[in-house]
Amino acid sequence: MKQPQPCFSHWIAAIAVIFALLNPLNINAQQARRGTVTGKVVTAKGEVAENVSVGLIGTGYGSTTNNIGEFSFKAATGTYTLIISYVGVQRVEIPVTVTSGQTITVPQITINASLSQLSEVNVIANRANRFTRKISVDVGKIPLNNLENAQSYTTITNELIKEQNVFTVDESLRNSPGIQKLWDATGRAGDGGGYYTLRGFTTQTSVRNGIAGLVTSGIDAVNIDKIEVIKGPSGTLYGSILTSYGGLINRVTKKPYETFGAEIGHTVGNYDLSRTTLDLNTPLGSNVSFRVNTAYNYEGSFQTYGKSRNFALAPSLSIKANDKLFFLLESEMFFGRNSAKPFFFFYDSPKKMGITKVSDLNIDYKNAYSNDNITSYSRTINYFAQANYKISDRLTSQTLFSSSNSFSNGASPYYYLVTDATAIAIDKMYNPASTLPDLPGNNNYIFRNDQSTANSKLNAIEVQENINGDFDLASMRHRFVVGVDFQRQDSRQIYFGNSYGIAPINDPTFDYGAFNKQKVDANPFNAAAAYPYIYKKNTYAVYASDVVNLTEKLIASVGVRVDRYENKGSYSLNGDQTAKPFNQTAFSPKFGLVYQPIKEALSLFANYQNGFNNPDPFLGADNVLINPKIQNANQIEGGIKMALFNGKLNGTVSYYRINLTNVIRPIPGSAIGSVQDGTQNSKGFEAEIAASPVASVNIIAGFSYNNSKYTKSDPDIEGYRPTTAGSPYLANVYFSYRLPQSTVKGLGVSVGGNYASANKVINSASQGTFELPSYTLLNSSVFLDRAKYRFTLSGNNLTNKHYYTGFTTINPQKLRQFVLTASYKL
């Protein structure tokens, strides 16, 4: 099959042309008569406002404030309007006259956050800590301070991502307690993004700015403003398609602003890492702004074979039609051609193999076991539109549209772990005349396979309307949202696979590279052997949520969702129906209570939250297909949130318990059929802090413990920890220090790390227990951050630790890597 190719050179050329055409500095470059404009920007609380865009309307003259709120830039002689622009603050305009050869000092500028603009994503609310954001609109679909929200969530800011010198959402999640990567992204359409465990349940990154934004590959962070890890079942506001019972991951993206700005960066590192990025913003008139973020990334592997080539492009356009109406149009495009990372599955059980841990095997950590000319092509193209309309000072309308389109084509090798006896039997099937060497011990071989996708597609759309209000009733403040939501999934995911015989698990003389593209291409797509996922699913929902200030310190919240699910049936490649259509209606409530003994500094919170899922039909007794009941997960959580010492000490401590019902399980004592009466319990503790005890020091730390088990299930696993739950204990820490302003301005150093306890990836009475070992990772960086440029040298996995992730699998992870990034702001 012919595989479409991403035209990387064409995209890069197009970006270069855009940059050249839109850069307003080109228009004014010949103006030699210039003066200097300086000033300082502070918040209403008197705190310095850093990273605020300051510029002259209709020109390319401008700058951003530094970390003490000051700005300075040159401009041609003339009379202008100075504009202060920052997402989340009121627009400030000041007349300025620039005189050749002179410095014009603008009086100190104070900016204030407005109610309507607090619904945006960057808010200057608490700059005492560079790694916190005080407000979120997406978590509750209402603009709320973290201390007012009865739900737990973690925010990972762009400032933290940049300082750590990481480039993907997957890497950035190491800063959130309670979440752990299980699988690297595979790139296949539909579910090819990375898999994580959160509060005992698997989840993926499927939400962008509060609505559907599926990306089926590793997600480049080039356009990320912040990441919100929203904890616990969230069906009331997000439904079932985008969430899991453990929570969801929401990507909040960068938005256009009203002055010119550009930043170009390049990164190099071992394993042939080479990365180029561009962040370009420009006004296209007084009320229109355009921004594009793009990145090209190439990287090899720490293993014998392996390479990845990825390109990301994220343009966005904001239009202020008038004082009441605002539009935002955005797109995300991700293209990749990558070789597969090794996944080891168990063909024979650990009990049969006589093993319980990785060290019992003889896996070669640096061996990819296949040639990297076996690649898979992935493409995700998403479109987004947003219209905000101010009905009145206290009532707003938000209309949202998203279209997610994923595609994949190509092979992805994987490997089965087998006993020697099984290996001999399989080898006879493929090579009747051959005889495998009689090696000492057992488990000396692997069984090589691949899972390919054949022009596989998943397309999804979401249309959502939210009405937000803020008003007083009976002396109580009400902040509410009423919404309607429609989602559709149209799947034509087509999988097929082949087997490629037996290979030794560790033999320096064996040619592992002979498992290559030529061998895979010799086994083309066979429709008779394909296993398709062809279906259409619709959901129609209405929801409402109200946050009520009962007193000055006591806040209650209540929400409810009614969700209509329509499964249009499943079909084979030739169009035959393989599962009949069915419909379900779900009811999802939530409740919350917050008490602030110290207002805007300390809160006690509790919540009840519900999540639900619509399982596929299953075979019951006598092999009869049964339409399932709705699965429900109910969480009770309580804890403490803080923003003490004027925001210098922020944190959350919580305990949760999630009960899952209507789990499908095998009928006890029966060889066939299932019944839907299983239960599962997940409970645990989470703690995190984000502290800045002095201006030059920032600390991020987190710890979590999770205890999950099947409480009513197949006797083979009842009472056991699910293999999807990951490590029971997780911890993360990050310490950053910047030298005081009186010494080397902008020079800093950081150190951080992660810990994960042992992870049971096989865990049952019949199969035995197999654990991935615990691990501790150490990372560090040195950086120089100036107003116009930045250099960062980082080291990841400094101790060169051999460690693994997986669920039901063994997946070796990257060894030590050093990375150097340089960026320049225009």
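Counting from 1, residues in each chain are numbered in the order their sequence is written. Per-residue local features of the predicted model are confined to residues with pLDDT of at least 70, and side-chain atom pairs are confined, for both listing and counting, to 80 or more; whole-chain, interface and lining totals are unaffected and use all residues. Calculation of side-chain values draws on the structure's entire complement of heavy atoms; hydrogens and water are dropped beforehand.

## Quick word on the overall build of the protein
When its secondary structure is counted, the protein shows 9 helices and 49 strands. Each of the three principal axes of the protein carries a C-alpha extent, and together these read 90 × 65 × 50 Å. Burial analysis of the protein (826 residues in total) assigns 57% to the buried set. Here the analysis covers contacts within the protein between residues at least 6 apart in sequence; of these, 69% occur between residues at least 24 apart. Here the protein has roughly 32,500 Å² of accessible surface; of this, 58% comes from carbon and sulfur atoms. In this description a helix means any DSSP run of H or I spanning at least four residues, a strand means any run of E spanning at least two, and both kinds are numbered starting from the N terminus. Buried residues are those whose accessible area, probed at 1.4 Å on protein chains only, stays under 20% of the maximum for their type, while exposed residues exceed 50% and partly exposed ones sit between those limits. Contact between two residues is taken to exist if any of their heavy atoms lie within 4.5 Å; hydrogens are not considered. In these tables, accessible area is a Shrake-Rupley quantity obtained with a 1.4 Å probe, and a residue counts as shielded only by the protein chains included in the view.

## Notes on the pattern of salt bridges
Only one rule defines a salt bridge in this text: a Lys or Arg side-chain nitrogen within 4 Å of an Asp or Glu carboxyl oxygen. A complete count under the given rule lists 33 salt bridges for this structure. Where Asp 279 meets Arg 291, a salt bridge forms, and the shortest distance between an N and an O atom there is 2.7 Å. Of the two residues, Asp 279 is situated in strand E20 (residues 273-283) and Arg 291 in strand E21 (residues 288-299); the sequence distance between them amounts to 12 residues. Accessibility assignment for this pair places Asp 279 and Arg 291 in one class, buried. Several salt bridges share partner residues, and in doing so they unite Glu 163, Arg 738, Asp 785 and Arg 790 into one network.

## Some thoughts on unusual backbone geometry
Unlike most non-glycine residues, Lys 141 shows phi in positive territory, near 55°. Along the chain, the position of Lys 141 falls in the loop between strand E9 (135-136) and strand E10 (144-145). What makes Lys 141 buried here is its relative accessible area of 7%. Despite not being glycine, Asp 272 has its phi angle at roughly 60°, a positive value. Mapped onto the fold, Asp 272 is located in the loop between strand E19 (261-269) and E20.

## Here we look at a nonpolar patch on the surface
A contiguous nonpolar surface patch, about 760 Å² in accessible area, is contributed by Tyr 595, Leu 604, Ile 640, Val 653, Tyr 655, Phe 685, Phe 703, Tyr 729 and Tyr 755. Summarising the element assignment, Tyr 755 is placed in strand E42 (residues 747-756). Surface patches are defined over residues having more than 30% relative accessible area and no salt bridge, joining like charges when they lie within 9 Å and nonpolar side chains (Val, Leu, Ile, Met, Phe, Trp, Tyr) when within 5 Å.

## Concerning the confidence of the model for the protein
On average, residues of the protein carry a pLDDT of 90, and 92% of them reach 70 or more. pLDDT runs from 0 to 100 and stands for how confident the predictor is about each residue. Scored below 50 in pLDDT, residues 1-32 makes 55 contacts in the model with residues more than four places away or belonging to other chains. Counted against residues more than four places away or in other chains, residues 113-127, with its pLDDT under 50, gives 55 contacts.

## Things to note about the sheet that holds strand E12 (residues 179-183)
Within a beta sheet, neighbouring strands are joined by backbone hydrogen bonds and run either parallel or antiparallel to one another. Paired strands are those between which DSSP finds at least two bridges. Taken in spatial order, the 3 strands line up as E12-E13-E14 in an open sheet, and their pairing is antiparallel. Looking at which strands have only one partner, the edges of the open sheet turn out to be E12 and strand E14 (201-203). Ignoring which end each strand starts from, the neighbouring axes of this sheet average 40° apart. The pairing of E12 with strand E13 (residues 195-198) spans 4 bridges and is antiparallel. Pairing of Lys 181 across the sheet is with Tyr 196, part of E13. Axes, fitted as lines to C-alpha atoms, cover a helix only where it is in contact. Angles between the N-to-C directions of the axes lie from 0 to 180 degrees.

## A short note on the packing of aromatic side chains
Stacked, edge-to-face and tilted labels apply to pairs of Phe, Tyr and Trp rings (six-membered ring for Trp) whose centres lie within 6.5 Å, assigned for plane angles under 30 degrees, over 60, and everything in between, in that order. Inspection of the entire model under this criterion finds 38 aromatic pairs. Consider the rings of Phe 471 and Phe 480, whose centres lie 5.5 Å apart with planes at 75°: the pair is edge-to-face. Judged by relative accessible area, Phe 471 falls into the partly exposed class, the value being 29%. Aromatic rings pair up to connect Trp 183, Tyr 195, Phe 343, Phe 345, Tyr 347, Tyr 414, Tyr 416, Tyr 430, Phe 447 and Phe 807 into one cluster. For a ring to carry a charge above it, either NZ of a lysine or CZ of an arginine must fall within 6 Å of the ring centroid while also lying within 35 degrees of the normal to the ring plane. Sitting over the ring of Tyr 656, Arg 199 keeps its end group 4.1 Å from the ring centre. Directly above the aromatic system of Tyr 535 lies the positively charged group of Lys 537, at a separation of 4.5 Å from the ring centroid.

## Remarks on the sheet that holds strand E15 (residues 207-208)
Across the sheet, which stays open at both edges, the 5 strands sit in the order E11-E17-E18-E15-E16 with mixed pairing between neighbours. Two strands close off the open sheet at either side, each with one partner strand: strand E11 (153-157) and strand E16 (211-212). When E11 meets strand E17 (residues 224-231), the two strands line up antiparallel, connected through 5 bridges. The partner of Thr 155 across the bridge, within E17, is Glu 228.

## A few points about the nonpolar core
Buried Ala, Val, Leu, Ile, Met, Phe, Trp, Tyr and Cys residues that are joined via side-chain atoms within 4.5 Å together make up what is termed a nonpolar core. Ranked by internal contacts, the top residues of the largest apolar core, which has 34 residues, are Leu 417, Phe 770 and Ile 810. Broken down by secondary-structure element, the contributors of at least two residues to this core are strand E24 (344-346), strand E27 (413-418), strand E29 (476-504), strand E43 (759-764), strand E44 (768-772) and strand E45 (775-785). Among the nonpolar cores identified, the runner-up in size contains 24 residues, and Ile 161, Val 166, Val 229 and Ala 690 belong to it.

## Some remarks on the side chain of Asn 158
Of note, Asn 158 is situated in helix H3 (residues 158-164). A residue is classified by how much of its surface remains accessible, and Asn 158, at 15% relative accessible area, is buried. Filtering out sequence-adjacent residues up to four positions away, Asn 158 remains in contact with Arg 133, Ile 224, Asp 225, Lys 226 and Lys 254.

## A closer look at the pairing of strand E46 (residues 789-796)
In regular strands, side chains alternate between the two faces of the sheet. Bridge count between E45 and E46: 6 bridges; the pairing is antiparallel. Of the residues in E46, the one forming a bridge with Asp 785 is Arg 790. As judged from the 8 bridges shared by E46 and strand E49 (residues 817-825), these two strands associate in the antiparallel manner. Bridging from a neighbouring strand, Arg 790 pairs with Ser 823 of E49.

## Here's the deal with the pairing of strand E18 (residues 247-253)
Along E18, 7 of the 7 residues are buried, which leaves the element largely enclosed by surrounding structure. Going residue by residue along E18, you find Gly 247, Ile 249, Arg 251 and Thr 253 tucked away on one face and Leu 248, Asn 250 and Val 252 tucked away on the opposite face as well. As defined by bridge partners, E15 adjoins E18 across 2 bridges and the pair is classed as parallel. What sits directly across from Val 207, in E18, is Asn 250.

## Brief notes about helix H7 (residues 420-430)
All of the buried residues in H7 are Asp 420, Thr 422, Ala 423, Ile 426 and Asp 427. One side of H7 carries all its buried residues, which in axial view fall inside an arc of 150°. Turned more than 90 degrees off the buried face of H7, the exposed positions are Ala 421 and Met 429. Where H7 is buried, its residues contact helix H6 (350-353), E27, strand E28 (445-473) and E29. In this context, the arc is that of the directions from the helix axis out to the C-beta atoms.

## What about the environment of Met 642?
Structurally, Met 642 can be placed in strand E37 (residues 631-643). With a relative accessible area of 17%, Met 642 lands in the buried category. Expressed as a C-alpha distance, the spacing of Met 642 and Thr 267, which sit 375 residues apart in the sequence, is 37 Å. The residues touching Met 642, leaving out its near neighbours within four places in the chain, are Leu 147, Ala 601, Leu 602, Leu 649, Asn 650 and Gly 651.

## Structural notes on the environment of Phe 327
In this structure, Phe 327 sits in strand E23 (residues 325-339). Note on Phe 327: relative accessible area 30%, which makes it partly exposed. C-alpha separation for the pair Phe 327 and Asp 420, spaced 93 residues apart in sequence, amounts to 63 Å. Phe 327 has contacts with Leu 317, Ser 318, Ile 319, Ala 321, Gln 386 and Ala 387, leaving out every residue within four places of it along the chain.

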